[in-house]
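Reading the structure
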Amino acid sequence: MVLAKSKKSVGLGNTLMNDRFGKGKGSDRKRVSAVTRIDHATGKEYITNDKQDAAWVKMRSITEQGALDEFLATAELAGTDFTAEKMNNVKIIHTDQRNPYLLSAKEEQAVLGKQRANKGRLTVPRRPQWDSTTTRDELDQRERESFLEWRRGLAELQETQDLLMTPFERNLEVWRQLWRVIERSDVIVQIVDARNPLMFRSEDLEVYVKDVDPKKHNLLLINKADLMTYKQRKMWANYLKGEGIDYRFFSAQLAKEMIEAGGYADSDDDESDDESDAGEGPSNKEEAPKAEEKVSEEKEEAKEEEITEYNDPDTHILRVDELEDILLQYQPKDLDRKLQVGLVGYPNVGKSSTINALIGAKKVSVSSTPGKTKHFQTIHLSDNVLLCDCPGLVFPNFANTKAELVCNGVLPIDQMREYTAPAALVARRIPQPFLEAIYGIKIKTRPLEEGGTGIPTSDELLDAYARHRGYMTQGLGQPDQSRAVRYILKDYVNGKLLYCEPPPGSGVDGPEFNAELYDMGHLPENRRVAMMSALEGADIDDTATLTSEMTALALPQGQKSKKLDKAFFKSGGNGGHIQQNFHHKYTQQGQAQSIVKHMSGRKLRAIIAAEQGVDVKEVQMEMGGKKHFKGGMGLKGGKGKRRAGRSGNNDEEN
């Protein structure tokens, strides 16, 4: 008999009905605002629900999109449906000594020419005009339309001119934060990286600031200036002054170190210390009078260069108090409120670090990952200055390759997929002797007569680094290049591997412009000490340029390598064995070894007895004792004696 079905039992159909039409269901869909869409095929309009995202989803920085994602985002901004078409786009890439993701010298010059011709078309999105009568929905619709037109213009520039652009910010919410900062601030400070200032500078942003209000001011703050030499800063200063750009050199890292040290030392105290140091010399003047004169001359020259560099206003690296004083110079006389300073720039150029240095305490979170600051925020610096921190924005700019964006810190290193081009770019910019000296490795490159270029390839650099660090892949045991490249690129972004771009029109190429950065003084302390000890007796100092011969001498063997070699080459046990040539066994030495190796039993005992002039039985007893009792303790015990005697009797019978 079939039992009656309980009314409390829940089936699949009841579950679906309750989920859709149950009590309290569908309230989230009822609250969603409706938007109008246009069917691209028929041209008819229809109404659908607007997509609702969380606040953190809206403020996500979007700098790079695939073709499909970009098309869908553009269609959403335009409120249009679409019809998809399948296309077959296959590209075959051949790799050899030349990396296909990097440009040759000829190709780079052609690209730079096209970039200069289309420089004026690189713009930032403008906020549409609005007043008190504009509603929120009307302003939102105008901003979406303006942002869509801006993206279409950049897309047309890429397609028609075949130019590669930086993966600029594609999120409208992030640009809205920039609009708020510009409208509110009296001074807009663009913070750029000193290693490549023009890469991080947006010229159209300065034009947009003046369009919003001609009374607003622009300032280019070149951060990380301590990574550059005095000559490099002087060349950049001459270029910026010639272009009429208001700039200042600054270093948030130096300011942080000075604050942690307890403040800024007075110049008088420094001078007195230098004078006292200069007065000290060798106790025995008769033994080293020339050395004393040389040391005093070097100190005087270094002191003169330091005074000249400090007194040069064009290349002077500002301190925190000096930077605040310069900002106050832009304050209008009739201003009855605090001076509002907006800080704008690319991700990872040091905006938050600059704020921390200005206020002398950690008020803003700092991260090396691009896009740490998510929202517009204000910080009271003093009674006269109010800082406005804007989220990091990747402005539209021309780029030769995506490898430059990774090396410049614009794109996150941990999220990159293609790593051979950035590694090849580092190997091209940093000299091979300096790479070998700073990492303690030896890069094996292909000789010139075999088709090599004299510059390490990405595979050669990464293999040498991975083998030295012990980074190997599981299973195959090959060097783990993807892991090694992340360490090298992070050293490059952080300034351990230093390279600075020369100013345009200077007539100096990259290697000549950075020649002073690759000497003994720019090595880490442990590597410099190792090289100086290896080159002991040679007349070199910290300013000596590294060469391949010096690097080869300065590769001391570590404790781990010594232990591994000792275990492998030890005489007995599980140590390594030597493989001889195939004809070795036909030599006299090989035949003797083969006789001892293959002979055993009675023949071997007979040969040993004949060589030593003893009885075969004695050899038998000794071998039996060693066989049954380790350590050569001799025979004892009935069982051992019986076994030895039995073998002896058999030998007599034979």
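Here the structure is a predicted model, which means the values were calculated and not measured.

**Describing the sheet that holds strand 7 (residues 339–345)**
- Taken in spatial order, the seven strands line up as 6-5-4-3-7-9-8 in an open sheet, and their pairing is mixed. Strands with a single pairing partner mark the edges of an open sheet, and in this sheet they are strand 6 (317–318) and strand 8 (377–380).
- Relative to strand 7, strand 3 (residues 187–193) runs parallel, the two sharing five bridges. Counted as the bridge partner of Gln190 is Val344 from strand 7.
- Running at roughly 145 degrees to strand 7, helix 7 (residues 172–184) makes contact with strand 3, strand 7, strand 8 and strand 9 (385–389) of the sheet.
- Along the sheet, helix 15 (residues 351–359) contacts strand 3, strand 4 (217–223), strand 5 (247–250), strand 7, strand 8 and strand 9; its crossing angle with strand 9, the most-contacted strand, is approximately 160 degrees.

**Quick look at the nonpolar core**
- In this structure, Trp175, Leu178, Val189, Phe395, Ile430 and Leu497 are the most contacted members of the largest nonpolar core, which totals 116 residues.
- Considering each element in turn, this core owes the most residues, seven residues, to helix 7.
- With residues up to four places along the chain from it excluded, the contact list for Leu178 reads Leu205, Val344, Cys390, Leu393 and Phe395.

**A short note on helix 6 (residues 136–161)**
- Taking 1.5 Å per residue as the helical rise, helix 6 with its 26 residues ought to reach 38 Å, and the 38 Å between its terminal C-alpha atoms agrees with that figure.
- Phi for Asp162, located one or two positions after helix 6, is positive at around 55 degrees.

**Side note on a nonpolar patch on the surface**
- On the surface, Leu68, Phe71 and Leu72 cluster together into a nonpolar patch covering about 290 Å² of accessible area.
- By relative accessible area, Phe71 is classed as partly exposed at 43%.

**Observations concerning the side chain of Arg127**
- Relative to the elements of secondary structure, Arg127 occurs in the loop between helix 5 (105–117) and helix 6.
- Of the polar contacts made by the side chain of Arg127, one reaches the side chain of Glu143; its length is 3.1 Å.
- In this structure the side chain of Arg127 is engaged in a polar contact, spanning 3.1 Å, whose partner is the side chain of Glu183.
- Ignoring any residue separated from it by four or fewer positions in sequence, one finds Arg127 in contact with Leu139, Glu143, Trp179, Glu183 and Tyr208.

**Examining the pattern of salt bridges**
- A complete count under the given rule lists 24 salt bridges for this structure.
- Its salt-bridge partner being Arg319, residue Asp321 comes within 3.4 Å of it at the nearest N-O pair.
- Assessed through its relative accessible area of 33%, Asp321 is described here as partly exposed.

**Notes on unusual backbone geometry**
- Within the chain, Lys224 stands out as a residue other than glycine whose phi angle is a positive 60 degrees.
- Inspection of the secondary structure puts Lys224 in the loop between strand 4 and helix 10 (230–242).

**Concerning the packing of aromatic side chains**
- Applying the stated rule across the entire model yields twelve aromatic pairs.
- For the pair Trp150 and Phe168, a centre-to-centre distance of 5.3 Å together with 70 degrees between the ring planes defines the contact as edge-to-face. Taken as a pair, Trp150 in helix 6 and Phe168 in the loop between helix 6 and helix 7 lie far apart in primary sequence, 18 residues in all. Comparing Trp150 with Phe168, the two get one shared label, buried.
- Ring centres of Trp236 and Tyr239 lie 5.8 Å apart, and the angle between their planes is 85 degrees; this geometry places the pair in the edge-to-face category. With Trp236 and Tyr239 both in helix 10 and three residues apart, the pair spans about one turn of that helix. Take Trp236 and Tyr239: they sit in the same class, and that class is buried.
- In this structure an aromatic cluster arises from ring pairing among Phe147, Trp150, Phe168, Trp175, Phe200, Tyr346 and Phe395.
- Stacked on the ring of Phe168, the Lys or Arg Arg170 has its end atom at 4.4 Å from the ring centre.

**Quick look at empty space enclosed by the protein**
- Throughout the structure, instances matching the rule amount to three cavities of 30 Å³ or more.
- Size it by volume and the largest cavity reaches roughly 130 Å³.
- The wall of the largest cavity is formed by 14 residues, among which Arg195, Cys407, Asn408, Tyr492 and Tyr499 lie closest to the centre.
- Residue composition of the lining of the largest cavity, by class: eight nonpolar, two polar and four charged.

**Thoughts on the packing of helix 7 against helix 9 (residues 203–212)**
- Interaxial distance between helix 7 and helix 9 falls to 10 Å at its minimum, and their mutual angle equals 55 degrees. Taken together, the axes of helix 7 and helix 9 lie oblique to each other. Handedness of the crossing formed by helix 7 with helix 9: right-handed. Two secondary-structure elements touch here, helix 7 through Leu178, Trp179 and Ile182 and helix 9 through Leu205, Tyr208, Val209 and Val212.

**Concerning the pairing of strand 3**
- In terms of residue burial, strand 3 counts as a mostly covered element, since seven of its seven residues are buried.
- With burial as the criterion, each face of strand 3 is covered, one bearing Val187, Val189, Ile191 and Asp193 and the other bearing Ile188, Gln190 and Val192.
- Taken together, the seven bridges between strand 3 and strand 4 define a ladder with parallel strand orientation. Within strand 4, the position partnered with Ile188 by the bridge is Asn218.

**Details of the confidence of the model for the protein chain**
- For the protein chain, the mean per-residue pLDDT works out to 75, and 65% of the residues sit at or above 70.
- In this model residues 265–288 is a low-confidence stretch, pLDDT under 50, and it forms ten contacts with partners more than four residues away in sequence or in other chains.
- Note on residues 621–654: pLDDT is under 50 here. Beyond four places in sequence and across chains, it has 18 contacts.

**Digging into helix 15**
- Counting buried positions over the nine residues of helix 15 gives seven, a clear majority of the element.
- Three or more residues of helix 15 are buried, namely Lys351, Ser352, Thr354, Ile355, Asn356, Ala357 and Leu358.
- Downstream of helix 15 by a residue or two, Gly360 has a phi angle that is positive, lying close to 75 degrees.

**A word on the packing of helix 11 (residues 252–260) against helix 15**
- Packing of helix 11 against helix 15 leaves a shortest axis separation of 9 Å and a crossing angle of 30 degrees. Judged by the twist between their axes, the crossing of helix 11 over helix 15 is left-handed. For the pair helix 11 and helix 15, the contacting residues are Ala252, Ala255 and Ile259 in the first and Ser353, Thr354 and Ala357 in the second.
- Looking at the contact of helix 11 with helix 15 residue by residue, the class counts come to four nonpolar, two polar and no charged.

**Some thoughts on the environment of Gln340**
- You can see Gln340 is positioned in strand 7.
- Put simply, Gln340 and Leu327 are 13 residues apart on the chain and 9.6 Å apart in space, counted from C-alpha to C-alpha.
- Other than its neighbours up to four places away in sequence, Gln340 contacts Arg184, Ser185, Asp186, Val187 and Leu386.
- Looking at Gln340, its side chain comes within polar contact range of the side chain of Arg184, at 3.5 Å.

Reading guide: rules and limits
- Residues numbered from 1 in each chain as written.
- Predicted model: local features only at pLDDT ≥ 70, side-chain atom pairs only at ≥ 80, totals over all residues.
- Heavy atoms only, no water.
- Pairing = 2+ DSSP bridges.
- Helix = DSSP H or I, 4+ residues; strand = E, 2+ residues; numbered from the N terminus.
- Contact = heavy atoms within 4.5 Å.
- Axes fitted to C-alpha atoms, helices over the stretch in contact; angles between N-to-C directions.
- Core = buried A, V, L, I, M, F, W, Y, C linked by side-chain atoms within 4.5 Å.
- Buried < 20%, exposed > 50% of the residue type's maximum accessible area, 1.4 Å probe, protein only.
- Expected span 1.5 Å × (residues − 1).
- Patch = residues over 30% accessible without salt bridge, like charges linked within 9 Å, V, L, I, M, F, W, Y side chains within 5 Å.
- Areas by Shrake-Rupley, 256 points an atom, 1.4 Å probe, with all protein chains shown as cover.
- Salt bridge = Lys/Arg side-chain N within 4 Å of Asp/Glu carboxyl O.
- Polar contact = N/O pair within 3.5 Å; in protein donor to acceptor, adjacent residues only side chain to side chain.
- Phe/Tyr/Trp six-rings, centres within 6.5 Å; stacked < 30°, edge-to-face > 60°.
- Lys NZ or Arg CZ within 6 Å of the ring centre and 35° of its normal.
- 1 Å grid on protein atoms, 1.4 Å probe; cavity = no way out; pocket = protein on both sides within 12 Å on 5 of 7 lines; lining within 4 Å.
- Points joined across faces, edges and corners; volume = space filled by probe spheres on them.
- Nonpolar A, V, L, I, M, F, W, Y, C, P; charged D, E, K, R; others polar.
- Parallel < 35°, antiparallel > 145°, perpendicular 65-115°, else oblique.
- Left-handed = near helix turned anticlockwise from the far one by under 90°.
- pLDDT = per-residue confidence, 0-100.

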